Amino acid sequence: MALLEVEDLRVHFRTPDGVNRAVDGVSFHVNEGETLAIVGESGCGKSVTSMSLLRLLPEPPAKVAGRIRFMNRDLLALNDAELRAVRGNEISMIFQEPMTSLNPVLTVGFQIAETLRLHQKLDQRAAAKRATEMLQLVGIPAPERRLHEYPHQLSGGMRQRVMIAMALACNPKLLIADEPTTALDVTIQAQILDLMAELKHRTGAAIVLITHDLGVVADVAERVMVMYAGRKVEEAPVDMLLANPRHPYTRGLLAAIPKTGASQHPQKTRLTEIPGMVPSLKQRIDGCLFAGRCAQATDLCRTVVPALQPKAPLHLAACHHALAEMPVAEFVS
Ligand SMILES: Nc1ncnc2c1ncn2[C@@H]1O[C@H](COP(=O)(O)OP(=O)(O)OP(=O)(O)O)[C@@H](O)[C@H]1O
Ligand SMILES: [Mg+2]
């Protein structure tokens, strides 16, 4: 049975110049211990989707509708006290920039211990002991010394390790990681992703990994959901999606991944960006939202919304032409 089940999630923001349909009818699930990656360009609704799971969006201007079931409870029906018990305990989150989530005037050890005291009701001694263990778990050398340091004394990679330690301190069932490595340089990025994969095996926590970079999902995620303009446009097990992307948008994202070693041939390294921009989520558009940027679009695409349908077992895509097999290189030329 699914740990998290999201059905027809809609998050609309009221703004002075119209309603922004940031998330518009998205359904997905996460199984126990599984990693689901959510990918898509900037502004596609990835963060809004994840923040709505824990009701972290200000309502208003946000209006959240649909169903969010977690361990058989309806998260949209919980009161504030019940939600606080879920947050940090059963579901925890890490964000792109740890400096904004860590308090600069408190030591790292105090902040981890505070999480444990608050959520797990541990006394000071037990919390301090567990904080040391957690720093050890996330690969921070000399944890006893680090506990007494302030966030600015740590490197970006170390700070993100501390955030992961805090997020996992209460043994959550689900960890939501919103672009956890985007602010880090490439080598550190790889280390943090490796750490997350290792910790997933050790703790058994399920992970929702949000990223705009399809290049990082192969080693970390089991399943990928691709979002475009507030909708889910494709979903498949990661190897199927990478080997045989069905939606032209996913093909475009794949073509935009930098290839390793490409820097030796600078003339060939220019990344192929998908032409055009994500359409405004405030206007009604007929047909497929991607049609304006799609090399394959036909009149059908411009008039009829493509339904999200299975194109192969376990492989869903919302594209009228998704059955056409086409190598990435041809689409991009
Ligand atoms: N508090 C808010 N009020 C109004 N609109 C918002 C608010 N938060 C997000 N939005 C809008 O919701 C849409 C989706 O934003 P979201 O942050 O989810 O994108 P994203 O996919 O996470 O992008 P990125 O990769 O840049 O993080 C955007 O149009 C954004 O402007
Ligand atoms: Mg985001």
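The notes below deal with the structure included here.

Re helix α10 (residues 248-255)
Burial runs high along α10: eight of the eight residues are buried. Within α10, burial applies to P248, Y249, T250, R251, G252, L253, L254 and A255.

What to know about the layout of surface pockets
Empty space among the atoms can be located by rolling a probe the size of a water molecule over them. Its boundaries defined by the atoms lining it, the second largest pocket holds a volume of some 530 Å³. Contributing to the lining of the second largest pocket are 18 residues, with G88, M93, T115, H119 and M166 lying nearest its centre. Among the secondary structure elements, those contributing two or more residues to the lining of the second largest pocket are β6 (91-94), α4 (108-120) and α7 (156-168). A total of five residues in the lining of the second largest pocket trace back to one element, the largest contributor, which is α4.

Some points on the sheet that holds strand β4 (residues 62-70)
Taken in spatial order, the four strands of this open sheet run β2-β1-β4-β5, and their pairing is antiparallel. Every other strand in the sheet has two partners, leaving β2 (18-31) and β5 (73-74) as the edge strands with one partner each. Where strand β1 (residues 2-15) meets β2, eleven bridges bridge the pair, whose relative direction is antiparallel. Note on β2: the bridge partner recorded for R14 is V19. Strand contacts of helix α1 (residues 46-53): β1, β2 and β4, with the helix running at about 115 degrees to β1, the strand carrying the most contacts.

Things to note about the sheet that holds strand β3 (residues 35-39)
Within a beta sheet, neighbouring strands are joined by backbone hydrogen bonds and run either parallel or antiparallel to one another. The mixed open sheet is built from eight strands, whose spatial order is β6-β7-β8-β3-β9-β10-β12-β11. Looking at the sheet topology across the chains shown, the edges are occupied by β6 and β11 (309-312). Across the sheet, the axes of successive neighbouring strands diverge by a mean angle of 25 degrees, strand direction being ignored. Two strands pair when backbone bridges link them, and β6 and strand β7 (residues 174-178) are joined in this way by four bridges, in the parallel orientation. Looking across to β7, one finds that I91 is bridged to L174. Relative to the sheet, α1 contacts β3, β6, β7, β8 (206-211) and β9 (223-228), its axis offset from that of β7 by approximately 150 degrees.

A word on the packing of aromatic side chains
Taken as a whole and judged by the stated rule, the model has three aromatic pairs. With a centroid separation of 5.1 Å and 85 degrees between ring planes, the pair formed by Y228 and F290 is classed as edge-to-face. With Y228 in strand β9 and F290 in the loop between α10 and α11 (299-303), this residue pair connects regions lying 62 residues apart in the sequence. With a relative accessible area of 2%, F290 lands in the buried category. Between Y249 and F290, the ring centres sit 5.3 Å apart and the planes meet at 65 degrees, which makes this aromatic pair edge-to-face. With a gap of 41 residues between them, Y249 in helix α10 and F290 in the loop between α10 and α11 connect regions that are remote in the sequence.

About the thresholds
- Along each chain, the written sequence defines residue order, and numbers are assigned to residues from 1.
- Whichever chain is written first becomes A and whichever ligand is written first becomes 1, with later ones labelled in order.
- This being a predicted model, a pLDDT of at least 70 is required before a residue's local features are given, and a value of 80 or more before pairs of side-chain atoms are given or counted; all residues contribute to the totals for chains, interfaces and linings.
- Water and hydrogen atoms play no part in the side-chain values, which are based on all heavy atoms of the structure.
- Think of it in three bands: with a 1.4 Å probe and only protein chains considered, a residue is buried below 20% of the maximum accessible area for its type, exposed above 50%, and partly exposed in between.
- In DSSP terms, a helix is any run of H or I states spanning at least four residues, a strand is any run of E spanning at least two, and both are numbered starting from the N terminus.
- The distinction between a cavity and a pocket rests on a 1 Å grid over the protein atoms alone: a 1.4 Å probe fits inside a cavity but cannot get out, while a pocket stays open yet meets protein on both sides within 12 Å along at least five of seven lines, and a residue with an atom within 4 Å of a point counts as lining.
- Grid points are joined across faces, edges and corners, and a volume is the space filled by probe spheres set on the points.
- Any two strands with at least two DSSP-identified bridges between them are counted as paired.
- We call two residues contacting when some pair of their heavy atoms lies within 4.5 Å.
- Lines are fitted to the C-alpha atoms to define the axes, a helix being fitted only along its stretch in contact, and any angle between axes, read from their N-to-C directions, falls within 0 to 180 degrees.
- Pairs were defined over the aromatic rings of Phe, Tyr and Trp, the Trp ring being its six-membered one, requiring ring centres within 6.5 Å. Orientation was assigned from the angle between planes: stacked under 30 degrees, edge-to-face over 60, tilted for the rest.

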